[in-house]
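Tertiary structure, described
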Amino acid sequence: MEKKFRLISIFFIVGCFIYYGGRFGYYYMKFNKKSSNSASAEVLANTIQKQGIVSKGDGLYNNSGELVFKGTDVDNYLLYSNIMWRIVKVNTDNSVVLVTDSKISDLAFSDENSNYMKSYVLDWLNENGENTGILESKLSNKEKFLTKNTICLDSVDNLNNITCHKKDNSKYVTTLGLGDYLNSKGEDSYLNNTDDFWLYNVKSDKKVWYITNGNLSNDSSSSIHGVKAVITLKNTIGSIGGKGTKEDPYLIEKEANTLSFNSYIKLGNDLYSVYDMDQKIIRLVSTKLVKDSTSRSTNYYNRTFNTKDSYSIAYYLNNKYYNGLSYKNNLVDCDFYTGDYNIEKNYDYKNIYKSKVSAKVGLLSMSDINLNNELNNYFLLNKIDNKIYSVNDSAEASYSINTVRPAICISKDTKLKGNGTINNPFMLEV
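Keep in mind the model is a prediction, meaning the values are calculated, not measured. (Residues numbered from 1 in each chain as written. Predicted model: local features only at pLDDT ≥ 70, side-chain atom pairs only at ≥ 80, totals over all residues. Heavy atoms only, no water.)

**With respect to the overall build of the chain**
This is how the line gets drawn: The way it works is that DSSP assigns letters per residue, a run of H or I at least four long becomes a helix, a run of E at least two long becomes a strand, and they are numbered from the N terminus. Partly exposed residues are those whose accessible area sits between 20% and 50% of the maximum for their type, while under 20% is buried and over 50% is exposed, using a 1.4 Å probe and protein chains only. Reported accessibility uses the Shrake-Rupley method at a 1.4 Å probe radius. Residues are deemed covered only where the shown protein chains occlude them.
Tallying secondary structure elements over the chain gives seven helices and 30 strands in all. A burial count over the chain gives 49% of its 430 residues as buried. When the accessible surface of the chain is split by element, carbon and sulfur atoms take 47% of a total near 21,200 Å².

**Some thoughts on the state of the cysteines**
The condition is simple: A pair of sulfur atoms, both from cysteines and within 2.5 Å, is called a disulfide here.
A full pass over the atoms with the stated rule returns two disulfides. Sulfur-sulfur distance for the disulfide between Cys152 and Cys164 comes to 1.8 Å. The disulfide joining Cys152 to Cys164 has a torsion of about -80 degrees about its S-S bond and is therefore left-handed. With Cys152 in strand β9 (residues 151-152) and Cys164 in the loop between β9 and β10 (167-168), the pair connects residues that are twelve residues apart, well separated along the chain. A relative accessible area of 22% means that Cys152 is categorised as partly exposed. Here Cys164 falls in the partly exposed class, since its relative accessible area comes to 27%. Each sulfur of the disulfide joining Cys334 and Cys409 lies 2.1 Å from the other. Its S-S torsion of about 85 degrees marks the bond between Cys334 and Cys409 as right-handed, since a negative value means left-handed. Taken together, the positions of Cys334 in strand β22 (residues 334-337) and Cys409 in strand β28 (residues 407-411) put the pair 75 residues apart, joining distant regions of the chain. Across this residue pair, the class does not change: Cys334 and Cys409 are buried.

**Focus on the pairing of strand β12 (residues 208-212)**
Filter applied, for reference: When DSSP finds two or more bridges between two strands, those strands count as paired.
Along β12, four of the five residues are buried, which leaves the element largely enclosed by surrounding structure. Direction of pairing for strand β11 (residues 197-202) relative to β12: antiparallel, over a ladder of three bridges. Its bridge partner being in β12, Trp198 is matched across the sheet by Tyr210. The hairpin turn running from β11 into β12, its antiparallel successor, is five residues long, and Lys206 in that turn takes a positive phi close to 75 degrees. Across five bridges, β12 lies against strand β13 (residues 215-219) in antiparallel orientation. Bridge pairing in β13 places Ile211 opposite Leu216.

**Some thoughts on the packing of aromatic side chains**
Note the cut-off: The criterion for an aromatic pair is that two Phe, Tyr or Trp rings (for Trp, the six-membered ring) have centres within 6.5 Å, with stacked assigned to planes under 30 degrees apart, edge-to-face to planes over 60 apart and tilted to the rest. Only Lys NZ and Arg CZ are tested; either one counts as a charge over a ring when it is within 6 Å of the ring centre and within 35 degrees of the ring normal.
All told, the structure shown has nine aromatic pairs when counted by the stated rule. The ring of Tyr61 carries Lys70 above its face, with NZ or CZ at 5.1 Å from the centroid. The ring of Phe336 carries the charged tip of Arg283 above its face, separated from the ring centre by 5.8 Å.

**Concerning helix α7 (residues 313-323)**
A turn of α-helix holds 3.6 residues, and therefore any two residues three or four places apart point the same way. Heads up, the condition is: Within 3.5 Å is the distance limit for a polar contact, defined as a pair of N or O atoms, with the added protein rule that one can donate a hydrogen and the other accept it, and that residues adjacent in sequence qualify only through two side-chain atoms.
Regarding α7, the residues found buried are Ile313, Ala314, Tyr316, Leu317, Asn318, Tyr321 and Tyr322. The distance from a side-chain oxygen at the start of α7 to the backbone nitrogen of Ala314 is 3.1 Å, and the residue carrying that oxygen is Ser312.

**A look at the pattern of salt bridges**
Selection criterion: By definition, a salt bridge exists where a carboxyl oxygen of Asp or Glu is found within 4 Å of a side-chain nitrogen of Lys or Arg.
Overall, the coordinates contain 15 salt bridges when judged by the stated rule. Salt-bridge contacts for Asp180 lead to Lys89; the nearest nitrogen and oxygen are separated by 3.2 Å. With Asp180 in helix α5 (residues 178-183) and Lys89 in strand β5 (residues 83-90), the pair connects residues that are 91 residues apart, well separated along the chain.

**Details of the environment of Leu267**
Going by this rule: The contact rule is simple, with two residues in contact once any of their heavy atoms fall within 4.5 Å.
Here Leu267 shows up in strand β18 (residues 264-267). Residue classification places Leu267 among the buried positions, given a relative accessible area of 0%. With 59 residues separating them along the chain, Leu267 and Ser326 place their C-alpha atoms 8.4 Å apart. Apart from the residues lying within four places of it in its own chain, the contact partners of Leu267 are Tyr272, Leu284, Tyr327, Ile408, Ile410 and Leu428.

The following block contains the structure:
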């Protein structure tokens, strides 16, 4: 009997060791995974969780297994592809959802059908044919870092009854949804930074939800509002530095010191940022506004962008302004897209590519990414219903606006030195 009891005890102890040892191993592996972007990096989800879970106030909440940032004073900044993002949440599988810290464009949502999956906004964000994927094309190592977003496409008429029967997970980049906005504490969250921006949710009457000054509203799909982008990092991505603050954001990429989107380049005494590039040219936009000191009327700015028309802003930029640049010999001709943005084309941004002007100095167009929302009151290239578009939350031309934000191009063969940061920008080699 005693021998039988000992055998049973041994089996019991061994069984407990195997079971609890296995569970320990499972949870150890779950919360101590090695990341895919650095063998020594801790998985980002685990780094975020170390901030601690709160049950009141601002901070990181456990929301049925998801870790969600709520409130205004939260350390959820992350830098990726030279774009500042905010961490919305950590999913139950440890993937991490991000939203751009500020709006990056202003666009009409779609045609009158208000179908998000066929919207202009989604085309602008994702590669889907010619002149699409304006943002996606700028994201570095997309297949390595990103997994596709899951969004809910049910119509939402009642904010107390948001359902998710119809889903889509076919896109790398989307906009923010009502559910995530409300879960962040809405108007009392970090998402309320005065930006006016679209959500992806549509009402049954085809009006689209958007945020304005932290308040939820809905509007016609042909209206123009800001665009914030949302991406999801893979659950294997590791944190290689940073504390999540604005001054010291989480990092997931090593500093490459190579020219890329939103790198900074200093020419003469002027600082520019890269807003686009191809195999031959680098497109740069000024980080400051330039005062057009000559006497102008609104009509002057509202004319066609024509470098040979002395009454066009194009003439001023490519003559008096250009000739005053100490580095003018480093500039090359490039195309600036001048097509109209109007009701006749249902406010489809792709129409701006229908016409172009070759010039040394131009302006940003409606379709270009804009990461500097601190600059205000300057004109873009394109007209909206025959009124020139200005970056001042208005499509109206204004007599009070007499500043421009020049855009230029340099050859990709230009020899540069530096690391491309705002504190150590690339400069011309001499």
